[in-house]
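The primary structure of each chain is shown beneath.
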Amino acid sequence: IPAGWTSVLLDGLPDLVASKMVALVERGAPRDFRDIFAVCRSELMTPRQCWDLWLRRQSLAGGDPDISRARLAIGTHLARIALQRPLDRIADPEKRAEAESLRCWFREVFLHAPP
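Given the structure is predicted, the values throughout are model-derived calculations rather than measurements.

Draft legend 1. Seen up close, the overall build of the protein chain. Along the protein chain, the regular secondary structure elements total five helices and zero strands. Taken from the N to the C terminus, the helices and strands of the protein chain come in the order α-α-α-α-α. Expressed as lengths along the three principal axes of its C-alpha atoms, the size of the protein chain is roughly 55 × 35 × 25 Å. Taking all 115 residues of the protein chain together, the buried fraction comes to 35%. Once local pairs closer than 6 in sequence are excluded, the contacts in the protein chain between residues at least 24 apart make up 64%. A total accessible area of about 7,400 Å² is found for the protein chain, and carbon and sulfur atoms account for 57% of it. The distance from the centre of the 17 positive side-chain charges to the centre of the 15 negative ones in the protein chain is 3 Å.

What follows is the structure in structure tokens.
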């Protein structure tokens, strides 16, 4: 970069998705679900690619790449979010539809994607 600025290396998309997958499994914050949903809906990655990146990251970090445990964790996080923010309590119809679509996609597509 000109003007004497220091060069900064940025993670590529696979590294970012792998990190987000770790966060989804471990933390399961609403933003983790939204980010993975957006990546897959934009066709930047498939659910299978997301799982493959998570498996690779777990292996490289010496973690436990137990896909069954990861699916259970994501399902548990999703259930917790649904209890904390039920669809019928989301007043804005557009936001309610988005939340319903995201939750359905994770339950029906993402959690059943092969690694």
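Draft legend 2. View of a positive patch on the surface. A surface patch of like charges, here positive, comprises Arg 31, Arg 34, Arg 85 and Lys 95. Along the polypeptide, Lys 95 turns up in helix α5 (residues 93-108).

Draft legend 3. Representation of the nonpolar core within the structure. Counting residues in each nonpolar core, the largest one holds 27 residues, and the members touching the most others are Met 21, Ile 36, Trp 51, Ile 74, Phe 106 and Phe 110. Dropping the residues within four chain positions of it, Met 21 is found in contact with Ile 36, Cys 50, Trp 51, Trp 54 and Phe 110.

Draft legend 4. Focus on unusual backbone geometry. The phi dihedral of Glu 43 falls on the positive side, at around 60°, and the residue is not glycine. Note that Glu 43 resides in the loop between α2 (30-41) and α3 (47-60).

Draft legend 5. Looking closely at the pattern of salt bridges. Under the defined criterion, the tally for this structure stands at five salt bridges. A salt bridge links Arg 57 to Asp 15; the shortest N-O distance between them is 3.9 Å. With Arg 57 in helix α3 and Asp 15 in helix α1 (residues 13-26), the pair connects residues that are 42 residues apart, well separated along the chain. Exposure remark for Arg 57: the relative accessible area of 26% places this residue in the partly exposed category. Relative accessible area serves as the criterion here: at 36%, Asp 15 is assigned to the partly exposed category.

Draft legend 6. Here's a closer look at the packing of α1 against α2. Between α1 and α2, the shortest axis-to-axis distance is 9 Å and the interhelical angle comes to 140°. Here α1 lies oblique to α2, going by the angle between them. For the pair α1 and α2, the crossing hand works out as left-handed. Contacts between α1 and α2 involve Val 17, Lys 20, Met 21, Ala 23 and Leu 24 from the former and Arg 31, Asp 32, Phe 33, Asp 35, Ile 36 and Val 39 from the latter. In terms of residue class, the contact of α1 with α2 is built from seven nonpolar, no polar and four charged.

What counts and how
- Residues numbered from 1 in each chain as written.
- Predicted model: local features only at pLDDT ≥ 70, side-chain atom pairs only at ≥ 80, totals over all residues.
- Heavy atoms only, no water.
- Helix = DSSP H or I, 4+ residues; strand = E, 2+ residues; numbered from the N terminus.
- Buried < 20%, exposed > 50% of the residue type's maximum accessible area, 1.4 Å probe, protein only.
- Contact = heavy atoms within 4.5 Å.
- Areas by Shrake-Rupley, 256 points an atom, 1.4 Å probe, with all protein chains shown as cover.
- Lys, Arg positive; Asp, Glu negative; His and termini not counted.
- Charge placed at Lys NZ, Arg CZ, Asp CG, Glu CD.
- Patch = residues over 30% accessible without salt bridge, like charges linked within 9 Å, V, L, I, M, F, W, Y side chains within 5 Å.
- Salt bridge = Lys/Arg side-chain N within 4 Å of Asp/Glu carboxyl O.
- Core = buried A, V, L, I, M, F, W, Y, C linked by side-chain atoms within 4.5 Å.
- Axes fitted to C-alpha atoms, helices over the stretch in contact; angles between N-to-C directions.
- Parallel < 35°, antiparallel > 145°, perpendicular 65-115°, else oblique.
- Left-handed = near helix turned anticlockwise from the far one by under 90°.
- Nonpolar A, V, L, I, M, F, W, Y, C, P; charged D, E, K, R; others polar.

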